[in-house]
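Below, each chain spelled out in residue letters.
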Amino acid sequence: MSEIDWNLPKMVDRAYRPLFKNRDRYIAIKGSRGSGKSEAVARKVIFDIVTKPYVNWLVLRRYANTNRQSTYSLLQKVAHVMGVSSLFKFNDSMPEITYLKTGQKILFRGADKPLSITSISVEVGSLCRLWVEEAYQLELEESFDVVDESMRGIINAPNAYYQTVLTFNPWNEHHWLKHKFFDSDTAVAGSRAFTTTYQNNPFLDDGYIKTLKDMLIRNPRRAKVAVKGEWGVSEGLVFENFDVVDFNPNKLLKKGMESFFGMDFGFTHDPTTLISSIFDSDTMELWIFDELYKPGLLVEDIVHETAKRDLLAATIKADSASPMTIAELKRKGLRRIKGAEKGKDSVELGINFMQGLKIHIHPRCTHTIEEFNTYVFKQDREGRWLNQPVDASNHAIDAIRYSLDQFYGKGKNKLKTFKRGL
């Protein structure tokens, strides 16, 4: 240890000191975008491995294949920043990280493969640390409990302890994470929960901070979660008829259901979106299974992203307010892209139609989930809800609406008053 010079106050912001100082069984951190919570936990992972010879870590995300480009890459970067990357072996193919001095492991798994978790064994020390990244994506509390219950047994080391760390953005106050860790009357014993924001991350550039501050003005509802790290609330939501659930789109298509694709255009602040879904007209259920959600895309970039999804030949309904972009995309290879029907009351008709569906969103569609949790009605000066949505947090929703225009356009549905469910 003599060759390692770590200064904890310089490693993380003061808000994250409990990660290194506390022995709580559970540490739950909800935070805003750019709060640095994932990087702080990554530093704890490396710190614990190097300073506690009995520790092995399991890093969990909702899907196993999302670890490689997120948690695994982050830990590689953090080990380098902490000056100890040469002390570790990084196995990209697994992925897996080994501390060369002792053989301790950092293992990566997904909640979608529970058998790969229950069968884990380590040769050195104990599997006694768990990091659940993007814990909000675990739809069921039982999914977490299955993994948590596998972290049991006696640790043959003095002053040793088990610890689980959860990090997430708190998009909905009804999520099980709130009552399990944050509500004082229901929180599990031995848990510590706290909130961090971008102000707890000294490494952000001025441009990113400006983007977050702009959101406070442009979209305060979304900023409540994304900037302030507070729980999202369901009051005033346009859509309350949705859930987040894992499903296999190929199985649905084999049952004869039809797929639909919609695109909304953006650039600097707003993303370009391409949303893929499956509609069952018999049960009136919509299954949203894939999303493109990126700002700053040029026509060539959109074509590339569409090709990656094997949708160049698909019928895509796009924002008809951008005929030049649609024409250029068609010329570049999106042969069947066309403008969605746009006329008097088309927005109201489309939203009214979508309100009558049962909407299922795949957990990997994180931006779409965010929009459904933050798309709200306007309020008047007295705080009364109006029948008009706020034109924000709706880029994925607009794309979905475009893709379904054949079901509500040209008088197929009579315009009805929005259902507010209040």
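All of the points below concern the structure found in this document. (Residues numbered from 1 in each chain as written. Predicted model: local features only at pLDDT ≥ 70, side-chain atom pairs only at ≥ 80, totals over all residues. Heavy atoms only, no water.)

1. A closer look at the overall build of the protein chain
Broken down by element type, the protein chain carries 15 helices and 17 strands. In terms of overall size, the protein chain behaves like a compact globule, its C-alpha atoms giving a radius of gyration of 23 Å where 422 residues would be expected to give roughly 22 Å. Dimensions of the protein chain, computed from C-alpha atoms along their principal axes, come out at roughly 75 × 50 × 45 Å. When burial is assessed residue by residue, the protein chain has 52% of its 422 residues classed as buried. (Helix = DSSP H or I, 4+ residues; strand = E, 2+ residues; numbered from the N terminus. Rg over C-alpha atoms; globule rule 2.2 N^0.38 Å. Buried < 20%, exposed > 50% of the residue type's maximum accessible area, 1.4 Å probe, protein only.)

2. A closer look at helix H4 (residues 68-81)
The terminal C-alpha atoms of H4, which comprises 14 residues, lie 19 Å apart, in line with the 20 Å expected from a rise of 1.5 Å per residue. If you check which residues of H4 are buried, you get Thr-71, Tyr-72, Leu-74, Leu-75, Val-78 and Ala-79. All buried residues of H4 lie within an arc of 150° about the axis, which places them on one face of the element. Away from its buried face by more than 90 degrees, H4 exposes Gln-69 and His-80. Of the residues trailing H4, Gly-83 is marked for its positive phi of about 80°. (Expected span 1.5 Å × (residues − 1). Arc of directions from axis to C-beta.)

3. What to know about the sheet that holds strand E4 (residues 96-99)
With respect to topology, eight strands assemble into an open sheet ordered E3-E4-E5-E2-E6-E7-E1-E8, the strand pairing being mixed. Each having just a single partner strand, strand E3 (88-91) and strand E8 (191-196) make up the two edges of the open sheet. Across the sheet, the axes of successive neighbouring strands diverge by a mean angle of 15°, strand direction being ignored. The pairing of strand E1 (residues 26-31) with E8 spans six bridges and is parallel. Across the sheet, the residue bridging to Ala-28 is Ala-193, located in E8. (Pairing = 2+ DSSP bridges. Axes fitted to C-alpha atoms, helices over the stretch in contact; angles between N-to-C directions.)

4. Examining the pairing of strand E15 (residues 358-361)
Strand residues, when the strand is regular, have side chains that alternate between the two faces of the sheet. Pairing of strand E9 (residues 242-244) with E15, which is carried by three bridges, proceeds in the parallel orientation. Paired with Val-244 across the strands is Ile-361, a residue of E15. Pairing geometry for strand E12 (residues 285-294) and E15, over four bridges, is parallel. For Leu-286, the partnering residue across the bridge sits in E15 and is Ile-359.

5. Some words on the pairing of strand E17 (residues 385-389)
Sheet topology places strand E16 (residues 377-379) next to E17; two bridges connect them, and they run antiparallel. Along E17, the bridge assignment pairs Phe-377 with Pro-389. If you look at the hairpin formed by E16 and E17, you'll find five residues sitting between the two strands, and Gly-383 has a positive phi there, around 85°.

6. Here we look at unusual backbone geometry
With an omega of -10°, the peptide bond running from Met-94 to Pro-95 counts as cis. Take Pro-95: it is sitting in the loop between E3 and E4. Of note, Met-284 is a non-glycine position whose phi angle comes to about 60°, a positive value. Looking at the element boundaries, Met-284 is found in the loop between strand E11 (272-280) and E12. You can call Met-284 partly exposed: its relative accessible area is 31%. One non-glycine residue with positive phi stands out, namely Ser-393, at about 55°. As for its position among the elements, Ser-393 is in the loop between E17 and helix H15 (395-403). Judged by relative accessible area, which is 2%, Ser-393 ranks as buried.

Worth remembering: the numbers are spatial, not functional.
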